[in-house]
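# Remarks on the overall topology
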Amino acid sequence: MAETVIAAHDVGLTYQTDDGPVFALTNISLDVAEGEFVSLIGPSGCGKTTLLRAIADLEKTTQGSLHVNGMTAQEARLARAYGYVFQAPALFAWRNVERNVALPLEIMGVEDAGGRVARNLELVNLKGFEKKFPWQLSGGMQQRVSIARALAFDPKLLLMDEPFGALDEIVRDKLNQQLLDLWARTKKTIVFVTHSIPEAVFLSSKIVVMSPRPGRIIDVIDVGLPKDRKLDIRETPEFLKIAHRVREGLKAGHSYED
Ligand code: ADP
Ligand code: MG
């Protein structure tokens, strides 16, 4: 049996604002097993980022229980159980590629970080770009640097918040394929936020469909497609059937009607 990496039971998260409470997450129950690729999909405001940040202990849940690698979210954060990739690359302009990737290791005083940096750059296909600066790279390459940096401590869990949302479709296709390769090679557990249906179906072993006001899960879909996928799988009946179910879920949540 694969270990449970994320166990959420009846999780709620309410933000208190000047305009009253915002029910960002309600009744979230979800198990993510080791080695899964789980996508969170839903319209803006349905709580995708909040759920990812709660898993990362960057927000505190207000209800229910949430465990990461069998620890509380806070313990997991302190144990560096996850790497986090933000929507924008957030690289330091005055550091070259390898020094950006090395930063978390430097902060923690890890000596001999060079081998790890080289390995992680290789995993994102950036070998040969070590000395470039962020402004010399395309948006897709910058985001790959961020992914390499998130892998710094070789976490078992990778949390990714719409990492390719700002990229054009052709670049995104390529990065999706590369991410699947990375997933296969490293056997990481990945939780990936998107609002693209084809991206979610192409990448995932499991899709969590969410809906806003209040933020909740409305469907969890096991994607039965083979693990080694090529982009043309998107034209197969099996793929389209899953995409259809995601779309129906989003409609049922009235996600796009308001
Ligand atoms: P998504 O990532 O799916 O777009 P978010 O998790 O960012 O959704 O937001 C969920 C809901 O919580 C939205 O209504 C948003 O306005 C609200 N929200 C997010 N962050 C905060 C915050 N720090 N304070 C108050 N409300 C917030
Ligand atoms: Mg978001």
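If you're wondering where the values come from, they're calculated on a predicted model, not measured in any experiment.

## Quick word on unusual backbone geometry
Only a minority of non-glycine residues have a phi that is not negative, and only a minority of peptide bonds are not trans. The step from Arg 213 to Pro 214 runs through a cis peptide bond, and the omega angle for that step is -5°. With respect to the element layout, Pro 214 can be found in the loop between strand E9 (206-211) and strand E10 (216-222). We note that Asp 10 has phi near 55°; this positive angle belongs to a residue other than glycine. In this structure, Asp 10 sits in strand E1 (residues 4-17). Judged by relative accessible area, which is 32%, Asp 10 ranks as partly exposed. At Asp 57, a position not held by glycine, the phi torsion is positive, near 65°. Mapping Asp 57 onto the fold places it in the loop between helix H1 (48-55) and strand E4 (63-68).

## Comments concerning the domain arrangement of the protein chain
Each assigned domain of the protein chain is listed here: domain 1 (4-81 + 155-257) and domain 2 (92-154). Just the C-alpha atoms count here: the centres of domain 1 and domain 2 sit 25 Å apart. The partner domain 2 presents 14 residues to the 15 residues of domain 1 that form the contact. When the two sides are added together, the surface that domain 1 and domain 2 hide from each other amounts to roughly 1,300 Å², 67% of it contributed by carbon and sulfur. For Asp 154, the salt bridge goes to Lys 188, with nearest N and O atoms at 2.6 Å. Summed over the shared surface of domain 1 and domain 2, the number is five residue pairs in polar contact (both at pLDDT 80 or more). The biggest single contributor to the side of domain 1 that touches domain 2 is helix H6 (residues 169-186), with six residues.

## Topic: the pattern of salt bridges
On inspection of all chains with the given rule, the structure shows 13 salt bridges. We note a salt bridge from Lys 156 to Glu 34, for which the minimum N-O separation is 3.9 Å. Placement of the pair is Lys 156 in the loop between helix H5 (139-150) and strand E7 (157-161) and Glu 34 in the loop between strand E2 (20-33) and strand E3 (37-41), with a sequence separation of 122 residues. Judged by its relative accessible area of 32%, Glu 34 is partly exposed. Between Asp 219 and Arg 245 there is a salt bridge, with the nearest N and O atoms lying 3.0 Å from each other. In this pair, Asp 219 sits in strand E10 while Arg 245 sits in helix H8 (residues 237-252), placing the two residues 26 residues apart along the sequence. A relative accessible area of 18% places Asp 219 in the buried class. One continuous salt-bridge network, built from bridges that share partners, spans Asp 57, Lys 60 and Arg 77.

Rules of the game
- Residues numbered from 1 in each chain as written.
- Chains lettered and ligands numbered in written order.
- Predicted model: local features only at pLDDT ≥ 70, side-chain atom pairs only at ≥ 80, totals over all residues.
- Heavy atoms only, no water.
- Helix = DSSP H or I, 4+ residues; strand = E, 2+ residues; numbered from the N terminus.
- Buried < 20%, exposed > 50% of the residue type's maximum accessible area, 1.4 Å probe, protein only.
- Domains from an automatic or database assignment.
- Contact = heavy atoms within 4.5 Å.
- Buried area = accessible area lost by both parts, 1.4 Å probe.
- Salt bridge = Lys/Arg side-chain N within 4 Å of Asp/Glu carboxyl O.
- Polar contact = N/O pair within 3.5 Å; in protein donor to acceptor, adjacent residues only side chain to side chain.

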